[in-house]
Amino acid sequence: MFSLIIAFQRKLVIPTFCLAVGIGIAGYFMVWSTPIDQGTGFGYFLAGPITHYFIYELRNENEYYFYFNKGLSKTILYCSTCTLNILIGGLTLSYA
Amino acid sequence: MRELHVDSICKWFGQTQILSDIFLSCKPGEIIGLLGRNGSGKTTLLKIIFGAVEAQTKFVRVNGSVINSLVQSKNKIAYLPQNNFLPSHLNIKNAITLFSAASTSRVLQENHFIKPFLNRKSRELSGGERRMIETLVVVNSPAEYILIDEPFNGVEPLYKEEIKKTIQSHASDKGFIVTDHDYRNIVAISTKVKLLQHGGIKEIKNVDDLVRLNYLPEL
């Protein structure tokens, strides 16, 4: 199951990173004037579920069935996305 | 008792009832060909049985265990959706390894139709090539009941024969429900043929029944 979740998340790594950094930069220049690394840490909390939604719900909805067949429901997959990104965001914030 | 038992399936989309009190059963050794016109609810029915779509009412039991969710259908019911479902970022070898048990994975990787594509990503293959690989992967899954939605769609004749041969070779210990508009191939491999029409299921004895029930044009 773990290797399936890794495979599922691999598709989200780069888009989530780009969006989280984008949120960090936007936060620094436009809204909160917080340091970019801190903004990126907070950005991960948002970016994970957003990229998950756009990439799997809107663009590749059929790929869900690959994981459904292995007993992974949407709830489990969303939980894995949230957990992973809270972890990465938290680590980023702790080093910021 | 070894059986996939489906009962009381009712599905409404808004004011339109698509499925009305559907009953279906499938035992290992059976290949049930499910025909129906576009929009008759074939795909919806398979998704409901698999657990990916909710129904207003449904009862699905596999070998005596009631199945209420996707998680419960793991390794009991496998489903091949209508459109390509192999993750586009994985190569075929990795996808097969993730999806199949180790012994099955080796068999699939040795298949002479699949072997040439092992190191290519699924997005690099044509629709027919992907369809053939996906069908063989799902048919070889550990589940005892396999639901297959349009396996012959866009597939060349050689691949169609391989798909038919593989389904038939697994039919001794698995139950299949197969739906497709390629009724000739469905009739050729099925042990029972059913027509989904006006929300209900009708038993088909021969091709004349399909003409009489307005699924096929009169020749």
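Residues numbered from 1 in each chain as written. Chains lettered and ligands numbered in written order. Predicted model: local features only at pLDDT ≥ 70, side-chain atom pairs only at ≥ 80, totals over all residues.

A. Representation of the overall build of chain A in the model. Counting its secondary structure elements, chain A contains four helices and zero strands. Secondary structure elements in chain A, listed N-terminal to C-terminal, are α-α-α-α. Dimensions of chain A, computed from the C-alpha atoms along their principal axes, are close to 45 × 25 × 20 Å. Here chain A holds 96 residues, and 33% of them are scored as buried. (Helix = DSSP H or I, 4+ residues; strand = E, 2+ residues; numbered from the N terminus. Buried ≥ 20, exposed ≤ 12 C-beta atoms within 10 Å, placed from the backbone.)

B. Quick peek at the confidence of the model for chain A. For chain A, the average pLDDT comes to 89, and 97% of its residues sit at 70 or higher. Taken element by element, the predicted model of chain A shows its lowest mean pLDDT in helix α1 (residues 2-31) of chain A (89) and its highest in helix α3 (residues 64-68) of chain A (94). (pLDDT = per-residue confidence, 0-100.)

C. Just the interface of chain A and chain B, in detail. Each side of the interface is counted separately: chain A has 15 residues, and chain B has 19 residues. Among the elements of the structure, α1 and α3 of chain A are those that each provide at least two residues to the side of chain A that touches chain B. Per element, the largest residue contribution to the side of chain A that touches chain B is five residues, and it comes from α1(A). Of the residues that constitute the side of chain A that touches chain B, the class distribution is five nonpolar, six polar and four charged. (Contact = placed C-beta atoms within 7 Å. Nonpolar A, V, L, I, M, F, W, Y, C, P; charged D, E, K, R; others polar.)

D. Summary view of the packing of helix α2 (residues 36-59) of chain A against helix α4 (residues 74-95) of chain A. All names here are of chain A. Orientation of α2 relative to α4, taken along the N-to-C sense of each, is 170°, at an axis distance of 8 Å. With respect to α4, the axis of α2 lies roughly antiparallel. Across the interface between the two elements, Asp37, Gln38, Thr40, Gly41, Phe42, Tyr44, Phe45, Ala47, Gly48, Pro49 and His52 from α2 touch Tyr78, Thr81, Cys82, Leu84, Asn85, Ile86, Ile88, Gly89, Thr92 and Leu93 from α4. Along the lines of polarity and charge, the residues of the contact of α2 with α4 split into eleven nonpolar, nine polar and one charged. (Axes fitted to C-alpha atoms, helices over the stretch in contact; angles between N-to-C directions. Parallel < 35°, antiparallel > 145°, perpendicular 65-115°, else oblique.)

E. Structural view of the sheet that holds strand β1 (residues 4-13) of chain B. Residues and elements named next belong to chain B. With antiparallel pairing, the four strands of this open sheet are ordered in space as β2-β1-β4-β5. Of all strands in the sheet, those bounded by a partner on one side alone are β2 (16-26) and β5 (65-66). As paired strands, β1 and strand β4 (residues 57-62) are joined by five bridges and run antiparallel to one another. Bridge pairing links Leu4 to Val62 in β4. (Pairing = 2+ DSSP bridges.)

F. Highlighting the environment of B:Ser105. All names here are of chain B. Note on placement: Ser105 falls in helix α3 (residues 102-110). Ser105 gets classed as partly exposed once you count the C-beta atoms within 10 Å, which come to 17. Considered as a pair, Ser105 and Gly36 are 69 residues apart in the sequence and their alpha carbons are 34 Å apart. Setting aside residues up to four positions removed in sequence, Ser105 forms contacts with Ile96, Thr97 and Ser100.

G. Up close: the nonpolar core. By size, the foremost hydrophobic cluster in this structure holds 70 residues, and its most contacted members are B:Ile49, B:Ile77, B:Ile146 and B:Leu147. Of the residues forming this core, the biggest block, six residues, is contributed by helix α4 (residues 127-139) of chain B. For B:Ile77, the contacting residues outside a window of four places in its chain are B:Ile49, B:Phe50, B:Val62, B:Ala143, B:Tyr145 and B:Leu147. A:Leu19, A:Ala20, A:Ile23 and A:Ala47 belong to the second largest nonpolar core, which has six residues in total. (Core = buried A, V, L, I, M, F, W, Y, C linked by C-beta atoms within 7 Å.)

H. Geometry of the pairing of strand β8 (residues 175-179) of chain B. All names here are of chain B. The buried fraction of β8 amounts to five of the five residues, a majority that puts the element mostly inside the structure. Residues Gly175, Ile177 and Thr179 line one face of β8 and the alternating positions Phe176 and Val178 line the opposite face, and both faces are buried. With four bridges connecting them, strand β3 (residues 31-36) and β8 associate as parallel partners. Its bridge partner being in β8, Ile32 is matched across the sheet by Ile177. For the segment spanning strand β7 (residues 145-149), helix α5 (residues 157-170) and β8, crossover handedness is right-handed. (Right-handed = clockwise from strand over helix to strand, strands pointing away.)

I. Inspection of unusual backbone geometry at higher detail. All names here are of chain B. The residue His198 is not glycine, and still its phi comes out positive at about 50°. Along the chain, the position of His198 falls in the loop between β9 (192-197) and β10 (200-204). Look at His198 and you get exposed, because 12 C-beta atoms sit within 10 Å. With a phi close to 65°, Asn214 is a non-glycine residue in the positive phi region. Here Asn214 lies in the segment after α7 (207-212).

J. Here's a closer look at the sheet that holds β7(B). All names here are of chain B. Reading across the sheet, the six strands line up as β6-β7-β8-β3-β9-β10 and stay open at both edges, with mixed pairing between neighbours. On the outer flanks of this sheet lie β6 (77-80) and β10, each paired with one strand and no other. Neighbour-to-neighbour, the strand axes of this sheet turn through a mean angle of 20°, independent of strand direction.

K. Representation of the environment of A:Ser94 within the structure. With respect to the helices and strands, A:Ser94 occurs in helix α4. Taking the C-alpha atoms as reference points, A:Ser94 and A:Gly41, 53 residues apart in sequence, are found 8.7 Å from one another.

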